[in-house]
Amino acid sequence: MLRATLLVLLLALASPARADDSADFGERLAACAACHGQHGEGVRGAEYYPHLAGKPAGYLFEQLKGFRDGRRASTSMTWYVRFADDAFLQRIAQWYAELPPRTRGADTGAAELTAERRRVAQNLVEHGDPARDLPACSSCHGANLAGLEPGVPALLGLPADYVIAQFGAWREGVRNGAPPDCMHDIAGRIAADDMRAIAVYLSQQSNVDGLRPAPAASFLPPRACGSLPHAQVAK
Amino acid sequence: MKTWRIAGLVAVPFVLAALAIGIFLFAQQGGLAPYRLPVDDGRVVAGDAATLRRGEYLARIGDCAACHTARGGAAYAGGRGFATGRGVIYSSNLTPDREHGIGAWSIAEFAHAMRHGVSRRGPLYPVFPYEYFATLADADIDAIYAYLRSLPASANVPPPNRLDFPANLRPALVLWRMLHYRPAPAAATDDNRGRYLVDGLGHCAMCHSEREPGGALASGGHLAGGRIPGSGWYAPPLDAKQLQRYPVEQLAAYLRSGTSDHGAAYGPMAEVVYRSLQALREDDAIAIARYLKSIPARRAREAAFTLLPEPQRQPEVAGDGAEIYRHACADCHGNDGEGKSGRYPALRDAVAAIAPDPINAVRMVLYGGFAVTTAGNPAPYSMPPFVQQLSSAQIAAVTNYVRENFGAQRSRLTAADIEAMHGIVLD
């Protein structure tokens, strides 16, 4: 109980209301907009970079720190955030989190799956594979794949190449989440052709209703991952 | 037999001359004294709170942690790699671990390494700026030592250096010192605080001086500006002329905040501000600014700069720089390069515009960047990258336009120059 209260207090402190200059704040992020879009919605024709709008602030903050401190690898992302302190990164994360989520699917990667591969992908996304001890994507990212506050991002409409690259990075330890790093474990259990099928399937899902991530602790993921602090609190 | 004897006789003067030159150069770098490690005289440095605070401040403004900390690693535990013309050197562990750090070093040994660049490991590579630390006051070295001793010990072992022959042999450093190292005169108390910080602890000249092709500091090039070895950035001269557009207070504020209406710190200077200078006390920042603005300007250098060795020069029309500037740059930097106060720096007379070396301007247009976050600039503005939006010819054209119109530099970059930059390391 005490830990839960502390967490709520910390979250409240970490996201100060800065409505006064929030419109102006986006102007500072011109460097981000070049790849991620003026409003974090992604850029047409730049089909590697993920959109950022509407993702949980806690998730975005962790990724920004990861690029700065070496838990994620991207030469250009590291270039932009390497001399940014936590407070500024928190504001960037908050700014993108509050923007309306992108509603369309990825611009490329459509219609590249046979009906059979598509069925396999959808089955893995929705049900996982108990034989491989592989949880369903939806068990953590939400039945609607819109994510879960504060640490689990939506999977809708991400560029397929981006998702494939993340699977590879998790598997090889180039992208590292807080331990226990569930995605490292999961990526190690997915066959390469299934990764591709899942990535293409996800890229075709669009968030037409503009769904936001589910509120924290509104459902309980099956594993106590480091990126799911509330799940650890619930234990 | 006879020819051998004659040859021997002829060789004698040459051997003697070489020996004499060797002895002379060896004496010039300080003779044997630097290689005699002091014995521990048992002196104990007080570790009271005031000394530790002072040591922490000095270590911070000397930027020790920046070099002696690997990315994501424990502070001061070493392991950051430095690309030099002769391979990669990794910084050492300064934490009090007795085996892997400097926990077993006496204050006498620490002071000797700081001032003479020789430790129990042998001569130190000149990426360690001992040449500048030689002027540090005893009390300051004591405080830094006490502070380092108060850190948590880390058993981190930095990776072994990866250097080419003969730089991989420590004794070869004696030869390097004979050629390039001239010890500073015995530390005199310097009543000019700014000079003490700039030419001593701050070791600003490591980046802001001219270098010989071999990497040694050029004689007469102290703070005269130049390409920073191993980094692909140009550091501007630091003198009265270069800094005339900054009033003292504004220059001091720039050092602590990393930004000003005349430009933000980027590249290696961004790191120096972020890790070190933002901690400067205001009086120290003012002292540094005063000293820098008192340095007489050096002769303008003649050397032609090239972005990278041997760029393919081809005559071509690069495009209409003025037109590209109006579309891509003027919104933020103004039609006349005047900038927007508090948001976007002026380009008129900016370092990137007036520098003889165009590399900073090209890098900024290609890749953009964020100013650093500091107390004085907690939510910095950013420059977008144009590498995806403009062609190499357009980037060449707009860079030429900026440098010719706002920096009075004759700038003739071509698309091939810009393409040669695409592989450059982003750091």
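Computed from a predicted structure; not experimentally measured.

Cut-offs applied
In every chain, residue numbers begin from 1 and rise along the written sequence. Here chains are named by letter from A upward and ligands by number from 1 upward, in the order in which they appear as written. A pLDDT threshold of at least 70 governs which residues receive local features in this predicted model, and a stricter bar of 80 or more applies before side-chain atom pairs are shown or counted, although totals over entire chains, interfaces and linings include all residues. Excluded from the side-chain calculations are hydrogens and water; all other atoms, namely the structure's heavy atoms, are used. Two strands pair if DSSP finds at least two bridges between them. Elements are defined by DSSP. Helices are runs of H or I of four residues or more, strands are runs of E of two residues or more, and each kind is numbered from the N terminus. For helices, the axis comes from a line fit to the C-alpha atoms of the stretch in contact; other axes are also lines fit to C-alpha atoms, and the angle between any two N-to-C directions lies between 0 and 180 degrees. Orientation categories follow fixed angle ranges, with anything under 35 degrees roughly parallel, anything over 145 roughly antiparallel, 65 to 115 roughly perpendicular, and all other angles oblique. Take the far helix as your reference; a near helix turned counterclockwise from it by less than a right angle gives a left-handed crossing, and one turned clockwise gives a right-handed crossing. Contact between two residues is taken to exist if any of their heavy atoms lie within 4.5 Å; hydrogens are not considered. Residues are grouped as follows: Ala, Val, Leu, Ile, Met, Phe, Trp, Tyr, Cys and Pro are nonpolar; Asp, Glu, Lys and Arg are charged; every other residue, Gly included, is polar. The salt bridge definition used is simple: a Lys or Arg side-chain nitrogen within 4 Å of an Asp or Glu carboxyl oxygen. Only protein chains enter the accessibility calculation, which uses a 1.4 Å probe; a residue is then buried when its area is under 20% of its type maximum, exposed when over 50%, and partly exposed in between. Residue ranges for the domains originate in an automatic or database domain assignment. Reported buried area values correspond to the accessible surface (1.4 Å probe) lost by two parts on association, with both partners' losses combined. Counted as a polar contact is a pair of N or O atoms within 3.5 Å, where, for protein atoms, one must be capable of donating a hydrogen and the other of accepting one, and residues adjacent in sequence contribute only when both atoms are in side chains.

Comments concerning the sheet that holds strand β1 (residues 81–84) of chain B
Residue and element names in this part refer to chain B.
Next up, step 1: Ordered in space as β1-β2-β5, the three strands form an open sheet in which the pairing is antiparallel. Looking at which strands have only one partner, the edges of the open sheet turn out to be β1 and β5 (162–163).
Next up, step 2: Inspection of the sheet shows strand β2 (residues 87–90) paired to β5 by two bridges, in the antiparallel sense. Among the inter-strand pairings, G87 is bridged to a residue of β5, identified as L163.

Side note on the packing of helix α4 (residues 107–116) of chain B against helix α6 (residues 138–149) of chain B
All names here are of chain B.
Next up, step 1: Relative to each other, α4 and α6 sit at 115°, their axes nearing to 10 Å. As summarised for this structure, α4 and α6 are arranged roughly perpendicular, according to the angle between their axes. Where α4 crosses over α6, the handedness of that crossing is right-handed. Mapping the contact onto sequence places I107, F110, A111, M114 and R115 in α4 and D138, I141, D142, I144, Y145 and L148 in α6.
Next up, step 2: A class-by-class count of the residues in the contact of α4 with α6 yields eight nonpolar, no polar and three charged.

Brief notes about the pattern of salt bridges
Next up, step 1: The full count for this structure, using the stated rule, is 27 salt bridges over all chains.
Next up, step 2: The salt bridge partner of A:D24 is A:R28, with a shortest N-O separation of 3.1 Å. One exposure class covers both A:D24 and A:R28, and it is buried.
Next up, step 3: Ionic pairing is found between B:R227 and B:D357, a salt bridge with its closest N-O pair at 2.6 Å. Highlighted residues: B:R227 in strand β6 (residues 226–227) and B:D357 in the loop between α15 (351–354) and α16 (359–367), separated in sequence by 130 residues.
Next up, step 4: For B:R227, a relative accessible area of 25% corresponds to the partly exposed category.
Next up, step 5: Put simply, A:R117, A:D129, A:R132, A:D193 and A:D194 are held in one network by salt bridges that share partners.

A short note on the domain arrangement of chain B
Residue and element names in this part refer to chain B.
Next up, step 1: Taken domain by domain, chain B comprises domain 1 (33–180), domain 2 (193–294) and domain 3 (321–421).
Next up, step 2: A straight line from the C-alpha centre of domain 2 to that of domain 3 covers 21 Å.
Next up, step 3: Taken residue by residue, the interface counts 22 residues in domain 2 and 23 residues in domain 3.
Next up, step 4: Between domain 2 and domain 3 lies a buried interface of about 1,800 Å² when both sides are counted; carbon and sulfur atoms form 57% of it.
Next up, step 5: It is Y234, D261 and Y266 in domain 2 that bury the most area against domain 3; as a group they hold 33% of the surface buried on that side.
Next up, step 6: Where domain 2 packs against domain 3, one counts one salt bridge.
Next up, step 7: Applying the counting rule to domain 2 against domain 3 returns nine residue pairs in polar contact (both at pLDDT 80 or more).
Next up, step 8: Of all the secondary structure elements, the ones that give two or more residues to the side of domain 2 that touches domain 3 are α10 (248–257) and α11 (268–275).
Next up, step 9: For the side of domain 2 that touches domain 3, the element with the highest residue contribution is α11, accounting for three residues.
Next up, step 10: Considered class by class, the residues forming the side of domain 2 that touches domain 3 number eight nonpolar, 10 polar and four charged.

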